[in-house]
Every structure is written in structure tokens, then in C-alpha cells.
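Topology and contacts: notes
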Amino acid sequence: MHTDVNDFSQLNIPLLMVATDLESGDKVVLRSGNLLHALRATMSMPGLFAPTNVKGRWLVDGGLVDPVPVGIARAMGADVVIAVDLNSGLISRKDRKKIQKKIPGTDKKAGNRHEYKNELVQKRTDYYENAGASLKKKINELLRQESSVPDIMETVTTSIGIMQERITRINLAVEPPDILIQPRLGELKMMDFDNVEHAIEEGYSGVKQQMEDIKALLEPNRGRRLEIEYSRSEAGDLKSEITGRRSETEKRESE
């Protein structure tokens, strides 16, 4: 991990993660304990990563049951929920190849393919891209598949993507967020880390399109947020005062 924080209790901003119990199929909300174990569990996509054992339960990717957990955010007490749906805009394999040719950086012969501003992103991109290419090559060699046939990795990730897209539609209809941002990322596959800048740009564009709605939605809640912050501050002062008085009382009694 690129941080010294290793436990939920050390986070400044409250965080919950969703995983799926591999045995029961139940949604599991991770909110305490080891942060690395929780991260490993919530990203354990079946077929690609082994499940993770957390407190005696084998957990896999939470996207299997709740890809966009709006209800979890509501349960945390969020006044406004801004959700990002990464599963929208699924397109066919043939159309994906056509679109990818138009995306900067997808041309294997392009000389500026690895020109990233962030060195860390570039290193991670190279690592995952090479690992993904190597894995797919070995699988295809093992099964002697033709290049025109979707490989196992593409089949697994695309199948899960289709499932998540359908689940997301249903869940969002039942528990809609206040703002829904849906970057158009259907042309990208799971291992397309070399297109990270394109993904970021799509996300930025999605937010920009709804910025006025976001501002309008947040402004009425400003007073409420200030009230909550004041109440918390006041409660903290009161707690300190009570603790101080209790200490003085205990000190006098001991004397």
C-alpha cells in the first residue's frame, strides 16, 4: 500500500467497503479492522483473484451484489449521495475495437504511449499491462485458441461486467442517488491500465456536465452541515469539561 494507514480507525474520513460472502451470497459491509485485508476482499474478482478470508468468511468482489452501494452511503448518514457508475455503456467487442483505435494511447505503434505526467501511474500501468498480456498469452497457448476467439480473461471480465450492469440498473431504480455520474468507459477492458488518462478525462467530463446540479444540491445542505459540525464541536467541548470535572472529583476523593 502507498500509505502508512493500515486500519479503518486511522482514517480521517469514514469509509465502508462492500464484499460478497462466497458461501452465502450475502452482502458484507467492511467497516473495521485491517484496511489491507478489506481492500483485498472488495477487489477479489472471481476467476482472476482468489477469495480473501476475513473474520472466518471467504469474501469476493462486492460488485457481485452491489456495484454502486447507494444504500450503504445513506445508512452512514449522508445528506447527499453522489454516485459514480462505472458499469454503464457496455458495447460489443467489435465496436470496442473500433472505438479503441480513436483513443490516444491505444495504438501499439504510437510513440507517446507511455508519456504520463505521473511516474507512479506509469509504473503501475506498465506492470499490470505486461502481467495481463503475459497471462493472456499463456492461457491462449495452453488452450491453443485463435486470436479471433475471446480469451478467458476477456470472457470472465466481460461476463461479470454484464452482470454488474444489470444489477446496477435494478439497485439504482430502488435506491437512486441524488446525483448519478456515468463515465462512458464501455470501450475499456479491465487490464487497459495504459488508458488511465482517458478514463480520468471521461470521469472529469461526467462531473463537469453535472456541476451545476451538484452545486445546487449541496448549497441547501450547507447550513445543515455547519449545524452538525457545530454540534460535534460543542459535544466535544462538553465531553472535555465533564472529563475534567470527573478527574477533579476523583482527585479530591482520593485525598
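To keep things clear, this report deals only with the structure shown in the data block. (Residues numbered from 1 in each chain as written. Predicted model: local features only at pLDDT ≥ 70, side-chain atom pairs only at ≥ 80, totals over all residues. Heavy atoms only, no water.)

On to the overall build of the protein chain, then. Along the backbone of the protein chain there are 8 helices and 6 strands. When its helices and strands are written in sequence order, the protein chain yields β-β-α-β-β-α-β-α-α-α-β-α-α-α. Across the 255 residues that make up the protein chain, the buried fraction comes to 28%. (Helix = DSSP H or I, 4+ residues; strand = E, 2+ residues; numbered from the N terminus. Buried < 20%, exposed > 50% of the residue type's maximum accessible area, 1.4 Å probe, protein only.)

Tallied over the full model, the rule gives 5 salt bridges. Residue Arg 74 pairs with Asp 178 through a salt bridge whose shortest N-O separation is 3.0 Å. In this pair, Arg 74 sits in helix 2 (residues 70–75) while Asp 178 sits in the loop between helix 5 (152–174) and strand 6 (179–181), placing the two residues 104 residues apart along the sequence. Relative accessible area serves as the criterion here: at 34%, Asp 178 is assigned to the partly exposed category. Among the ionic pairs, Glu 165 bridges to Arg 169, the shortest N-O distance being 2.8 Å. (Salt bridge = Lys/Arg side-chain N within 4 Å of Asp/Glu carboxyl O.)

This next bit is on unusual backbone geometry. You will see that Lys 55, though not glycine, has its phi angle at about 55 degrees, which is positive. Considering the arrangement of structural elements, one finds Lys 55 in the loop between strand 3 (52–54) and strand 4 (57–61). A relative accessible area of 69% places Lys 55 in the exposed class.

The subject of this paragraph is the pairing of strand 1 (residues 17–21). The buried fraction of strand 1 is high, at 5 of 5 residues. Burial along strand 1 is two-sided: the residues Met 17, Ala 19 and Asp 21 and Val 18 and Thr 20 are all buried. Here strand 1 runs beside strand 2 (residues 27–30); their pairing, made up of 4 bridges, is antiparallel. Counted as the bridge partner of Met 17 is Leu 30 from strand 2. Once strand 1 ends, the chain turns through 5 residues before running back antiparallel as strand 2, passing Gly 25 with a positive phi of about 80 degrees. (Pairing = 2+ DSSP bridges.)

This next bit is on the side chain of Asp 21. Turning to its location among the elements, Asp 21 is positioned in strand 1. For Asp 21, the side chain forms a polar contact with the main-chain nitrogen of Glu 23, separated by 2.9 Å. Of the polar contacts made by the side chain of Asp 21, one reaches the backbone nitrogen of Ser 24; its length is 3.2 Å. (Polar contact = N/O pair within 3.5 Å; in protein donor to acceptor, adjacent residues only side chain to side chain.)

Glancing now at the sheet that holds strand 3. Taken in spatial order, the 4 strands make up an open sheet running 2-1-4-3, and their pairing is antiparallel. Only two strands of the sheet have a single partner each, and these edge strands are strand 2 and strand 3. Each strand axis lies, on average, 50 degrees off the axis of its neighbour in the sheet, ignoring direction. In this fold helix 1 (residues 35–42) packs onto strand 1, strand 2, strand 3 and strand 4, with an angle of close to 60 degrees to the strand it touches most, strand 1. (Axes fitted to C-alpha atoms, helices over the stretch in contact; angles between N-to-C directions. Contact = heavy atoms within 4.5 Å.)

So, on to helix 1. Along helix 1, the residues that are buried comprise Leu 35, Ala 38 and Ala 41. All buried residues of helix 1 lie within an arc of 125 degrees about the axis, which places them on one face of the element. Among the structural elements, strand 1, strand 2, strand 3 and strand 4 are those in contact with the buried residues of helix 1. The N-cap of helix 1, judged by a side-chain oxygen 2.9 Å from the amide nitrogen of Leu 36 a few residues on, is Asn 34. (Arc of directions from axis to C-beta.)

Moving on, we come to the side chain of Asn 87. Its place among the elements puts Asn 87 in the loop between strand 5 (82–84) and helix 3 (93–100). Ignoring any residue separated from it by four or fewer positions in sequence, one finds Asn 87 in contact with Pro 67, Gln 164, Glu 165 and Thr 168.

For His 37, the location among the structural elements is in helix 1. Looking at His 37, the relative accessible area reads 43%, which means it is partly exposed. Sequence-wise, His 37 and Asp 7 are 30 residues apart; in three dimensions their C-alpha atoms are separated by 9.5 Å. Excluding residues that lie within four positions of it along the chain, His 37 makes contacts with Thr 52 and Val 54.

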